[in-house]
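# Structural description and commentary
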Amino acid sequence: LGVEDPWLCPLDASSDEDLDAVFDRIGSEFGKIDFLVHSIAFADREWLQEGKFASTPREVFTQAMDISAYTYAAMANHAAPLMTEGGSMIALSYYGAEKVVTNYNVMGVAKAALESSTRYLANDVGPKGVRVNAISAGPIKTVSAMGVGDFGTLLDSMAQEAPLRRNVDQADVGNTAAFLLSPLSSGVTGQVIYVDAGYSILGI
C-alpha cells in the first residue's frame, strides 16, 4: 500500500464501536502495526473567542476533552497490542497547553490533558517497547486553526518574535514526526517536542 493505493476506513473517534471495528480490521488484515499518529482535535469554535473560558458549557468542555485528549488513550489502548515488534505513537499539541494563549480557551485545557496523557501512556506501554510522544507545533494556517479568534495576529506575533523570525509550516512538523516515528528516536518517549521556531523558550 502507498500514497497511490491508500488503506482507508471510516472512523468516528467518539464511538467506541467504531474504534473497535477499525482496529479489529487492522489486526485481521495486517496483523501488526509500527506506528500511530493521532491528529484529532475539536472544540466548538464559538467558545474559542475572547473571554469565553469561564463560561464554557459542560457539554462543550467534555466534548473537547473527549475528542482532543481521550481519543489518544483510546487509540493507544487498541494499537499497542498490534505493535508486536515495538512501535511509536505521536500526537499533535500546541503551546496553549502550557501557557494561556488568547482565545484558545477550552482547547488549551484539552491539549494539557493530551500532553499529560502522553506521559502516562509512555509509562504504560514502554515495557512493550512502544514509545509515546507529542509534538507541540507553532501556529500554522489550517482550516481548524482559523476557528480560533484573531488567529492572524497570533501568526504575525510569532513570526516577529520567535528566535528563527518565522512561522513553522507543515514540513517542519512532518520532519519531526518522521524522526519520532523512526528508529532515529529509539530512546525518546514521554516527551513533548516543540516545533515552533523557538517561540516557547521566550519569556515575557
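Taken as a whole and judged by the stated rule, the model has 3 salt bridges. With a shortest N-O distance of 3.0 Å, Asp172 and Arg166 are connected by a salt bridge.

Considering all chains together, one arrives at 3 aromatic pairs under this definition. Between the aromatic rings of Trp7 and Phe30, the centroid separation amounts to 5.6 Å while the plane-to-plane angle is 75°, which identifies the pairing as edge-to-face. Taken together, the residues span a long stretch of sequence, with Trp7 in the segment before α1 (16-30) and Phe30 in helix α1 at a distance of 23 residues. On the basis of relative accessibility, which here comes to 24%, the residue Trp7 falls in the partly exposed class. Seen in terms of ring centroids, Tyr94 and Tyr104 are 5.0 Å apart; in terms of plane orientation they differ by 70°. Their pairing is edge-to-face. A residue pair is termed long-range when its members are at least 10 positions apart, and Tyr94 in the loop between β2 (87-93) and α3 (105-125) and Tyr104 in the loop between β2 and α3 qualify at 10 residues. In this structure, Tyr94 and Tyr104 share a single accessibility class: buried.

The next point concerns the packing of α1 against helix α2 (residues 58-79). Closest axis-to-axis distance for the α1/α2 pair is 10 Å, and the angle between their directions is 35°. When the axes of α1 and α2 are compared, the crossing they make is right-handed. Here α1 contributes Leu19, Asp20 and Phe23 to the contact with α2, which in turn contributes Ala74, Met75, His78 and Ala79. Among the residues forming the contact of α1 with α2, the class breakdown is 5 nonpolar, 1 polar and 1 charged.

The next subject is the sheet that holds strand β4 (residues 192-195). Taken together, the 4 strands give an open sheet; going across it, the order is β1-β2-β3-β4, and neighbouring strands pair in parallel fashion. Strands at the two margins of the open sheet, each flanked by one partner only, are β1 (35-38) and β4. On average, each strand axis in the sheet is tilted by 20° relative to the strand beside it, whichever way the strands run. Where β2 and strand β3 (residues 130-137) come together, 7 bridges link them in parallel fashion. By the bridge assignment for β3, Gly87 is matched with Val130.

Conventions adopted
- Residues numbered from 1 in each chain as written.
- Predicted model: local features only at pLDDT ≥ 70, side-chain atom pairs only at ≥ 80, totals over all residues.
- Heavy atoms only, no water.
- Salt bridge = Lys/Arg side-chain N within 4 Å of Asp/Glu carboxyl O.
- Phe/Tyr/Trp six-rings, centres within 6.5 Å; stacked < 30°, edge-to-face > 60°.
- Helix = DSSP H or I, 4+ residues; strand = E, 2+ residues; numbered from the N terminus.
- Buried < 20%, exposed > 50% of the residue type's maximum accessible area, 1.4 Å probe, protein only.
- Axes fitted to C-alpha atoms, helices over the stretch in contact; angles between N-to-C directions.
- Left-handed = near helix turned anticlockwise from the far one by under 90°.
- Contact = heavy atoms within 4.5 Å.
- Nonpolar A, V, L, I, M, F, W, Y, C, P; charged D, E, K, R; others polar.
- Pairing = 2+ DSSP bridges.

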